[in-house]
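Notes for the structure review
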Amino acid sequence: MLVLGLRSGLTHWRAQAVRFIHSSGGKNPGTQWKHTVQKSWKRSMSEAAAPSKAAAGSVPNAAAERVMGRWLLACSGMVAGAVILGGVTRLTESGLSMVDWHLVKEMKPPRTREEWEAEFHKYQQFPEFKILNHDMTLNEFKFIWYMEYSHRMWGRAVGLAYILPTIYFWRKGWFTRGMKGHVLGLCGLVCFQGLLGWYMVKSGLEEKPDSYDVPRVSQYRLAAHLGSALVLYCASLWTGLSLLLPKQKLIETSQLLKLRKFTHWTTGLVFLTALSGAFVAGLDAGLVYNSFPKMGERWIPDDLLAFSPTLRNFFENPTTVQFDHRILGISSVAAITGLYYYSRKLPLPRRARLAMNSLFAVAYLQVTLGISTLLFYVPTPLAATHQSGSLALLSMAIWLMNELRRLPK
């Protein structure tokens with residue numbers, strides 16, 4: 001390429017020389033000729049070098065998008081793993097076993113018996129041991145400590161999975177202007193998650209002299225921690241799917257517009273239902289009424305609005321929190337059922353139809369898991385599976401939204 005550029009440049013100079021000799025009229029042409037040759041040389045060299053620079057410094061756009069799409073899908077999978085592991089940590093009451101937070105120092109677990117006893121002694125100074133686990137042995141403490149330790153280390157791995165590839169792709173020049181803002185937001189959110197997690201744990205370590213209830217973290221902070229994790233998960237999944245799956249041409253009819261709008265509202269309802277599960281977990285509300293469809297002997301329990309002011313019941317009354325989660329879950333299944341039957345009237349592409357069918361199937365599996373978890377008095381394996389099901393259901397809804405997205409104009 002460089003040789004061809006130089007050859008064309010020499011041809012161009014010959015033509016310039018002929019034109020210059022005829023136009024100069026014998027008037028001291030030396031200086032003018034020097035400037036002409038310099039300009040031609042610079043222009044020819046830049047034209048010759050441009051293709052070489054493009055070939056060396058660029059990657060085919062489709063290939064770069066595939067790599068980044070797989071990266072973001074892998075990140076969303078790691079976030080899902082962190083959410084599931086966090087749920088198991090909560091169900092096994094392990095979240096308050098580590099009473100300190102250090103970004104690097106705590107990455108090295110205790111090794112000797114003396115180090116374990118020192119860690120256990122720190123745990124014994126806090127309410128959970130004094131009220132709930134006062135007869136706990138060192139081996140039992142090791143189990144809950146390792147549960148929380150695994151969750152924290154997985155969270156650090158998630159942070160590295162976002163930040164390190166972001167730096168690499170940024171230096172390669174693969175990000176568009178829009179993608180730069182997007183990945184910076186994702187990296188900021190994953191760092192915020194770590195701080196929010198410790199802020200949540202601190203609420204369970206506080207001494208409450210007037211309370212003899214089981215020590216637990218604030219349900220508000222737990223909901224904020226889960227909510228931000230779900231936002232991170234959804235944003236990563238959406239962007240990864242958008243980069244990997246080719247856009248589908250859909251005929252923009254009024255029926256399709258209604259389906260798309262209905263899908264957005266249904267996805268929002270699924271997200272809200274999953275978020276309400278944080279209040280159920282934070283208050284152990286799954287243990288208050290273990291019957292279905294009625295709550296005890298009534299459709300609407302007597303203590304539904306027992307707290308004052310009334311608004312407190314929706315966030316602090318275990319009965320109301322469980323009731324709300326039931327209503328939201330049933331509403332989500334009803335909305336998905338309506339969405340499914342409405343979509344059957346439309347000629348959707350194969351992938352969009354598969355996403356719709358998957359959403360419908362996972363919705364009924366999830367409600368079955370929820371009812372079973374309630375009736376069997378919240379066993380840890382079943383409750384963890386139910387929480388995983390909420391992520392699966394949200395994933396199907398995001399996938400369907402992505403399939404129905406508008407083509408850019």
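Residues numbered from 1 in each chain as written. Predicted model: local features only at pLDDT ≥ 70, side-chain atom pairs only at ≥ 80, totals over all residues. Heavy atoms only, no water.

Under an unreviewed UniProt entry, the name given to the protein is Cytochrome c oxidase assembly homolog 15 (yeast), and the source organism is Eleutherodactylus coqui. Reading the Subcellular location (unreviewed entry) entry of the UniProt record for the protein gives the comment "Membrane". (UniProt positions renumbered as here; feature names shortened; annotations may be inferred.)

Looking now at the overall build of the protein. Helix and strand content of the protein: 13 helices and zero strands. Ordered by position from the N terminus, the helices and strands of the protein form the series α-α-α-α-α-α-α-α-α-α-α-α-α. Residue pairs at least 24 apart in sequence account for 78% of intrachain contacts in the protein once pairs closer than 6 positions are excluded. In the structure as shown, the protein presents an accessible area of about 22,800 Å², 65% of it carried by carbon and sulfur atoms. (Helix = DSSP H or I, 4+ residues; strand = E, 2+ residues; numbered from the N terminus. Contact = heavy atoms within 4.5 Å. Areas by Shrake-Rupley, 256 points an atom, 1.4 Å probe, with all protein chains shown as cover.)

Among the nonpolar cores identified, the biggest contains 68 residues, and Met 68, Trp 71, Tyr 162, Leu 259, Leu 359 and Leu 404 are the most heavily contacted of them. Elements supplying a minimum of two residues to this core: α3 (61-91), α6 (138-172), α7 (177-205), α8 (219-244), α9 (254-282), α11 (318-343), α12 (350-375) and α13 (380-403). Ranked by the residues each element gives to this core, the list is headed by α8, at eleven residues. Discounting chain neighbours no more than four positions away, the residues touching Tyr 162 are Trp 71, Cys 75, Ser 76, Val 79, Leu 186, Cys 187, Val 190, Leu 232 and Ser 236. (Core = buried A, V, L, I, M, F, W, Y, C linked by side-chain atoms within 4.5 Å. Buried < 20%, exposed > 50% of the residue type's maximum accessible area, 1.4 Å probe, protein only.)

Counted according to the given criterion, the structure contains eleven salt bridges. Residue Arg 90 pairs with Asp 284 through a salt bridge whose shortest N-O separation is 3.4 Å. Taken together, the residues span a long stretch of sequence, with Arg 90 in helix α3 and Asp 284 in the loop between α9 and α10 (313-316) at a distance of 194 residues. In this structure, the salt-bridge partner of Arg 113 is Glu 117, at a minimum N-O distance of 3.1 Å. Taken together, the positions of Arg 113 and Glu 117, both in helix α4 (residues 113-123) and four residues apart, correspond to about one turn of that helix. Looking at Arg 113, the relative accessible area reads 54%, which means it is exposed. What makes Glu 117 partly exposed here is its relative accessible area of 40%. The network of salt bridges with shared partners includes Arg 90, Arg 216 and Asp 284. (Salt bridge = Lys/Arg side-chain N within 4 Å of Asp/Glu carboxyl O.)

The next thing to look at is unusual backbone geometry. Cis geometry marks the peptide bond from Phe 292 to Pro 293, where omega comes out at 5 degrees. Here Pro 293 is to be found in the loop between α9 and α10. The peptide bond linking Ser 308 to Pro 309 adopts the cis configuration, its omega dihedral lying at 0 degrees. The backbone phi angle of Tyr 377 is positive, close to 65 degrees, even though this residue is not glycine. With respect to the helices and strands, Tyr 377 occurs in the loop between α12 and α13.

The next point concerns the UniProt feature "transmembrane region" (unreviewed entry) in the protein. The sites that carry the UniProt feature "transmembrane region" (unreviewed entry) are, in the present numbering, residues 71-91, 153-170, 182-201, 221-245, 265-289, 325-342, 354-378 and 384-401. Summarising residues 71-91: 100% helix, 0% strand, and an end-to-end C-alpha distance of 30 Å. This span, residues 221-245, is 96% helix and 0% strand, and a straight line between its end C-alpha atoms measures 36 Å.

Okay, a nonpolar patch on the surface next. On the surface, a nonpolar cluster with roughly 490 Å² of combined accessible area is contributed by Tyr 220, Leu 305, Leu 311, Phe 314 and Phe 315. By the secondary structure assignment, Leu 311 is in the loop between α9 and α10. (Patch = residues over 30% accessible without salt bridge, like charges linked within 9 Å, V, L, I, M, F, W, Y side chains within 5 Å.)

The geometry of α9 relative to α11 is characterised by a closest axis approach of 9 Å and an angle of 160 degrees between their N-to-C directions. The orientation of α9 relative to α11 falls into the category roughly antiparallel. The element α9 and its partner α11 pack so that their crossing is left-handed. Among the residues forming the contact of α9 with α11, the class breakdown is 13 nonpolar, twelve polar and one charged. (Axes fitted to C-alpha atoms, helices over the stretch in contact; angles between N-to-C directions. Parallel < 35°, antiparallel > 145°, perpendicular 65-115°, else oblique. Left-handed = near helix turned anticlockwise from the far one by under 90°. Nonpolar A, V, L, I, M, F, W, Y, C, P; charged D, E, K, R; others polar.)

For the pair Tyr 377 and Gly 286, spaced 91 residues apart in the sequence, the C-alpha separation amounts to 7.5 Å. Ignoring any residue separated from it by four or fewer positions in sequence, one finds Tyr 377 in contact with Leu 287 and Asn 290.

On the secondary structure map, Ser 358 appears in helix α12. Beyond its immediate stretch of four places on either side in the chain, Ser 358 contacts Met 396 and Trp 399.

Let's shift gears to the packing of α8 against α13. Running from amino to carboxyl end, α8 crosses α13 at an angle of 40 degrees, the nearest separation of the two axes being 10 Å. Accordingly, the angle class assigned to the pair α8 and α13 is oblique. Here α8 and α13 pass one another in a crossing that is right-handed. Here Leu 230, Tyr 233, Cys 234, Leu 237, Trp 238, Leu 241 and Ser 242 of α8 come into contact with α13, specifically with Leu 391, Leu 394, Ser 395, Ile 398, Trp 399, Met 401 and Asn 402. Within the contact of α8 with α13, the residues separate by chemical class into eleven nonpolar, three polar and no charged.

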